[in-house]
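# What the coordinates show
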Amino acid sequence: MNYLEFEKPLAAIEGKAEELRAMARTNKEMDVEKEAAALDVKAAGLLRDLYKGLSPWQKCLVARHPDRPHCKDYIEALFTEYTPLAGDRNFADDHAVMGGLARFNDMPVMVIGHEKGNDTKTRIERNFGMARPEGYRKAVRLLDMAHRFGLPVITLVDTPGAYPGKGAEERGQSEAIARSTQKCLEVGVPLVSVVIGEGGSGGAVAFATANRIAMLEHSVYSVISPEGCASILWKDAEKMREAAEALRLTAQDLQKLGVIDRIVTEPLGGAQRSPREAIAAVGKAIEGMLEQMKGMKPDALIKDRRAKFIAMGSKGLAA
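Residues numbered from 1 in each chain as written. Predicted model: local features only at pLDDT ≥ 70, side-chain atom pairs only at ≥ 80, totals over all residues. Heavy atoms only, no water.

### Some points on the overall build of the protein
This is how it is decided: In this description a helix means any DSSP run of H or I spanning at least four residues, a strand means any run of E spanning at least two, and both kinds are numbered starting from the N terminus. For the radius of gyration, the atoms used are the C-alpha atoms, and the globule rule reads 2.2 Å times the number of residues raised to 0.38. The cut-offs for exposure are 20% and 50% of the maximum accessible area for each residue type, with area from a 1.4 Å probe on protein chains only; residues under the lower value are buried, those over the upper are exposed, and the others partly exposed. In this description, contact between two residues means that some pair of their heavy atoms is separated by no more than 4.5 Å. We score Asp and Glu as negative and Lys and Arg as positive, and we do not count His or the chain ends. To locate a charge, the coordinates of NZ of Lys, CZ of Arg, CG of Asp or CD of Glu are taken.
Across its full length, the protein carries 14 helices and eight strands. For the protein, the C-alpha radius of gyration of 21 Å lies close to 20 Å, the compact-globule estimate for 319 residues. With respect to the three principal axes, the spread of C-alpha positions in the protein is 70 × 50 × 45 Å. A burial count over the protein gives 49% of its 319 residues as buried. Sequence-distant contacts in the protein: of pairs separated by 6 or more residues, those separated by 24 or more amount to 72%. Each charge class in the protein can be summarised by its mean position, and for the 45 positive and 44 negative side chains these summaries are 4 Å apart.

### Topic: the packing of aromatic side chains
Definition in use: Centres within 6.5 Å make a pair out of two Phe, Tyr or Trp rings, where for Trp the six-membered ring is used; the pair is then stacked when the planes are under 30 degrees apart, edge-to-face when over 60, and tilted otherwise. For a Lys NZ or an Arg CZ to count as sitting over a ring, it must be within 6 Å of the ring centre and within 35 degrees of the ring normal.
Considering all chains together, one arrives at three aromatic pairs under this definition. A ring pair is formed by F79 and F104, whose centres lie 5.5 Å apart and whose planes are at 45 degrees; its orientation type is tilted. Residue F79 is found in strand 1 (residues 79-84), and its partner F104 is found in strand 2 (residues 97-104); the two are separated by 25 residues along the sequence. Just above the ring of Y163 sits the side chain of R132; from NZ or CZ to the centre is 4.7 Å.

### Here's the deal with the nonpolar core
Cut-off, in case you're wondering: We call a set of buried Ala, Val, Leu, Ile, Met, Phe, Trp, Tyr and Cys residues a nonpolar core when their side-chain atoms join them within 4.5 Å.
One finds M110, I112, V153, F207, Y221 and I260 to be the most contacted residues of the largest nonpolar core, which totals 34 residues. Contributing elements (two or more residues each) for this core: strand 3 (107-114), helix 6 (133-149), strand 4 (153-159), helix 8 (173-186), strand 5 (191-200), helix 9 (201-208), strand 6 (212-216) and helix 12 (251-256). At six residues, helix 6 tops the list of elements feeding residues into this core. Other than its neighbours up to four places away in sequence, M110 contacts L85, G100, L101, L142, M145, A146, L151, P152, V153 and I154.

### Re the packing of helix 10 (residues 226-233) against helix 11 (residues 240-247)
Our working definition: Axis angles are defined between N-to-C directions and span 0 to 180 degrees, where every axis is a line fitted to C-alpha atoms and, for a helix, only to the segment in contact. Any angle that is under 35 degrees is reported as roughly parallel, and any over 145 degrees as roughly antiparallel; angles of 65 to 115 degrees are reported as roughly perpendicular and all others as oblique. Only Asp, Glu, Lys and Arg are considered charged in this grouping, and only Ala, Val, Leu, Ile, Met, Phe, Trp, Tyr, Cys and Pro are considered nonpolar; every other residue, Gly among them, is considered polar.
Running from N to C, helix 10 and helix 11 point in directions that differ by 105 degrees, and their axes come no closer than 8 Å. The angle between helix 10 and helix 11 falls in the class roughly perpendicular. Two secondary-structure elements touch here, helix 10 through P226, E227, C229 and A230 and helix 11 through M240, A243, A244 and L247. Its residues assigned to classes, the contact of helix 10 with helix 11 shows seven nonpolar, no polar and one charged.

### Some details on the pattern of salt bridges
The following threshold applies: The term salt bridge refers to a pairing of a side-chain nitrogen on Lys or Arg with a carboxyl oxygen on Asp or Glu at a separation within 4 Å.
Inspection of the entire model under this criterion finds 22 salt bridges. Linking E76 and K72 is a salt bridge whose minimum nitrogen-to-oxygen distance equals 2.8 Å. Of this pair, E76 and K72 both sit in helix 4 (residues 71-78), four residues apart, roughly one helical turn. Exposure remark for E76: the relative accessible area of 53% places this residue in the exposed category. The residue D93 makes a salt bridge to K138 at a minimum N-O spacing of 2.7 Å. Of the two residues, D93 sits in the loop between strand 1 and strand 2 while K138 sits in helix 6, which places them 45 residues apart along the sequence. Note on D93: relative accessible area 28%, which makes it partly exposed.

### Digging into the pairing of strand 6
Selection rule: Any two strands between which DSSP finds at least two bridges are classified as paired. With strands facing away from the observer, any crossover in which the path from the first strand over the helix to the second runs clockwise is taken as right-handed.
With five of five residues buried, strand 6 lies mostly within the body of the structure. Where burial is concerned, the two faces of strand 6 agree: the one with R212, A214 and L216 and the one with I213 and M215 are both buried. Pairing between strand 5 and strand 6: four bridges, direction parallel. Each bridged residue has a counterpart across the sheet, and for V195 the counterpart in strand 6 is M215. For the crossover from strand 5 across helix 9 to strand 6, the handedness is right-handed. Examined bridge by bridge, strand 6 and strand 8 (residues 262-264) share three bridges and lie parallel to one another. Paired with L216 across the two strands is V264, which belongs to strand 8.

### Looking at the environment of L143
Among the structural elements, L143 can be located in helix 6. Residues L143 and C184, 41 residues apart in the sequence, show an inter-C-alpha distance of 7.2 Å. Not counting the four nearest positions on each side in its chain, L143 is found in contact with I112, V153, S180, K183, C184 and V187.

Next up, the structure:
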């Protein structure tokens, strides 16, 4: 288990319990189960207390946890007959964006998402989930295909933001993001999006301009990272805690503001502690959101999506 900075007291207790059990495994005559069980109870209580009132910055840390299930994990668990589709038919295939045809509850769909990778090799290969222009152009191609064949689209958002490198800017990063956002608004099929980790900047909006948007309980979604915001406003990246508070990036605030439609409850301690349970909860949320749009005509779906985004900004946190 990788522990976050605010989980250090928990790490000490769980580490002690495991240490006792390890000693018992090497010496069969030792009986430590009573002491270890008491530590387990103490750890469970502390875990509940820690996650009862997470600050926005702490939620950022949980959203970035390396052990959280990623797009690839959700696709493998929730979809069948997944057939990946690669390339933007222009420059290259961006491995930070996964996408392809699949079945969800035996229904043909198009699934698209950011993939961060789960170890050093795959994180470098996936560019830490930061898509380049060719990734967004691949998404546009898949969205257009879904529109032509009448396939519902499911997007899984998990990115710090679009890749800001020189080559990406030279190949039209902002234009590619804008085209992807525009295509999301134009497709005449149900489009649902789930923020499963980080929803960073336009790189997230390009996939999340959907009829229905859900967020995992401890995920975040904002126009800029807290560190980036602090660097711009205070010229000090160390003020990221204050920036996270001001950005209103938590699922709870965004639901009040009307930016998202539902919050998906995570297992106690975050999705990283029970990935299977978190993935199942996301699957039920997707099923529920698709059910809401069952039978809607293409024009009605497009109108519904546009109305949702035009209405943003009309709600406040005091409402």
